[in-house]
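Structural features, examined
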Amino acid sequence: MINAISAAALGLVASMAQAADDVTLQLKWVTQAQFAGYYVALDNGFYTDEGLNVTIKPGGPDIAPAQVIAGGGADVVLDWMPSALASREKGLSLVNIAQPFKSSGMMLTCRKDAGVKSPSDFAGKTLGVWFYGNEYPFLSWMSKLGLATDGSDGGVTVLKQGFNVDPILQGQAACVSTMTYNEYWQIIDAGLSPDDLVVFKYEDQGVATLEDGMYVLEDNLADPAFEDKMVRFVRASMRGWKWAEENPDDAAMIVLDNDASGAQTEKHQKRMMGEIAKLTAGSNGALDPADYERTVDSLMSGGSDPVITAKPEGAWTHAITDKALN
């Protein structure tokens, strides 16, 4: 009888050990080193250590993280704060639970031979801009500069840029949107040199907004079991990010191993990871309230057409990172 009870108890313990909690993460873009920390946490067993079974869903040009989580397709999504706050104002109660990216990688990259040397030269030019939620920092910047974006005299013409740099290569736009870790290097690889270009980092222009934060639905945080899953998820994810910062080349190779599309190259991913490490440096995962306020102020400075019209309430929390990181 004792042996039977002991066997049953051992079986129960084994089954409990195997019953990892499922978490689905929706990325903002395709599999690349921009998301290295999560793939590192997956491949190195950091999620398993926390009792989690994590599924990472790549994004793409037709995938909006806010729509995915609203439809129940993910537990947590990665999004830029302008998009997340705009979604919140429209009724989707997204909450930032962690912020691995301390700095913005967004730039406007321009050809010198198009006559652009400073922001004062933007007037009358065609500028490539990403949409699907990525346009908000740009629109805020143009508003700050007093430049209309409807193509009218004295303003700029906005070209809805695909997720490539063709417009600047083909002369369709004087400037295009780029990230420090991705599209800028696509321009260089296409044959233009750094001396041919002038770059305007959003950080340097005072209009930088927070990128690649972790967001969940506010109602879900009221569930203690969900909150506990997110504490473990954030802890493992930040462990992955710090490992990636310290081992950038190895992290890039882990990303490549997870790229089902086969579209990424070792050279590009290693270079990207080196740039990404600069953006995550200085963050332990907890959102800096000053960075949040700067983002909100930038988004509300849109004159007659601000990105958000009122300061959000409850749009971020330290409840998860306080438990995950301490």
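Before going into details, it helps to say that this report is about the structure given with it. (Residues numbered from 1 in each chain as written. Predicted model: local features only at pLDDT ≥ 70, side-chain atom pairs only at ≥ 80, totals over all residues. Heavy atoms only, no water.)

Considerations on the overall build of the protein chain
- What the protein chain contains, in helices and strands, is 13 helices and 10 strands.
- Scaling as 2.2 N^0.38, a compact globule of 326 residues should have a C-alpha radius of gyration of about 20 Å, and the protein chain matches this with 22 Å.
- Once the C-alpha set of the protein chain is aligned to its principal axes, its extents read approximately 90 × 45 × 30 Å.
- Taking the intrachain contacts of the protein chain between residues at least 6 apart in sequence as the baseline, contacts between residues at least 24 apart amount to 78%.
- Accessible area of the protein chain: about 14,000 Å², with a carbon and sulfur share of 51%.
- Positive and negative side-chain charges in the protein chain, numbering 24 and 43 respectively, have mean positions lying 3 Å apart. (Helix = DSSP H or I, 4+ residues; strand = E, 2+ residues; numbered from the N terminus. Rg over C-alpha atoms; globule rule 2.2 N^0.38 Å. Contact = heavy atoms within 4.5 Å. Areas by Shrake-Rupley, 256 points an atom, 1.4 Å probe, with all protein chains shown as cover. Lys, Arg positive; Asp, Glu negative; His and termini not counted. Charge placed at Lys NZ, Arg CZ, Asp CG, Glu CD.)

With respect to the pattern of salt bridges
- Inspection of the entire model under this criterion finds 17 salt bridges.
- In this structure, aspartate 291 engages arginine 294 in a salt bridge whose closest nitrogen and oxygen atoms are separated by 3.8 Å. Placement of both aspartate 291 and arginine 294 in helix 12 (residues 289–299) is noted, with a separation of three residues, approximately one turn of the helix.
- Between lysine 311 and aspartate 297 there is a salt bridge, with the nearest N and O atoms lying 3.9 Å from each other. In this pair, lysine 311 is assigned in the loop between helix 12 and helix 13 (319–325) and aspartate 297 in helix 12, connecting sequence segments 14 residues apart.
- Look at lysine 311 and you get partly exposed, because its relative accessible area is 48%. (Salt bridge = Lys/Arg side-chain N within 4 Å of Asp/Glu carboxyl O. Buried < 20%, exposed > 50% of the residue type's maximum accessible area, 1.4 Å probe, protein only.)

Details of the pairing of strand 1 (residues 21–26)
- Relative to strand 2 (residues 52–57), strand 1 runs parallel, the two being bridged by six bridges. Bridged to aspartate 21 within strand 2 is leucine 52.
- Sheet topology places strand 1 next to strand 3 (residues 76–79); two bridges connect them, and they run parallel. In the strand pairing of strand 3, leucine 25 is matched with valine 76. (Pairing = 2+ DSSP bridges.)

So, helix 10 (residues 248–257)
- Listed as buried for helix 10 are Ala251, Ala252, Ile254, Val255 and Leu256.
- In this structure, the buried side of helix 10 is in contact with helix 2 (36–43), helix 9 (224–246) and helix 11 (266–280).

Concerning helix 5 (residues 81–89)
- Of all nine residues that make up helix 5, eight are buried, and the element is covered over most of its length.
- Among the residues of helix 5, those classed as buried are Met81, Pro82, Ser83, Ala84, Leu85, Ala86, Ser87 and Arg88.
- Residues of helix 5 that are buried make contact with helix 4 (65–70), strand 3, strand 4 (94–98), helix 6 (136–145), strand 10 (213–217) and helix 12.
- A positive backbone phi angle near 115 degrees is found at glycine 91, which sits one or two residues after helix 5.

What to know about the state of the cysteines
- One pass over the full model with this rule turns up one disulfide.
- A sulfur-sulfur distance of 2.1 Å marks the disulfide that ties cysteine 110 to cysteine 175. An S-S torsion of about 105 degrees defines the bridge between cysteine 110 and cysteine 175 as right-handed. With cysteine 110 in strand 5 (residues 106–111) and cysteine 175 in strand 8 (residues 175–179), this pair connects stretches of sequence that are 65 residues apart. Residue cysteine 110 shares its accessibility class with cysteine 175, and that shared class is buried. (Disulfide = S-S within 2.5 Å.)

Side note on the packing of helix 2 against helix 9
- Contact geometry for helix 2 and helix 9: axes closest at 7 Å, N-to-C directions at 105 degrees. Put simply, helix 2 runs roughly perpendicular to helix 9. Between helix 2 and helix 9, the residues in contact are Ala36, Gly37, Tyr38, Val40 and Ala41 and Phe233, Ala236, Ser237, Gly240, Trp241, Trp243 and Ala244, respectively.
- When the residues that make up the contact of helix 2 with helix 9 are grouped by side-chain class, the tally is nine nonpolar, three polar and no charged. (Axes fitted to C-alpha atoms, helices over the stretch in contact; angles between N-to-C directions. Parallel < 35°, antiparallel > 145°, perpendicular 65-115°, else oblique. Nonpolar A, V, L, I, M, F, W, Y, C, P; charged D, E, K, R; others polar.)

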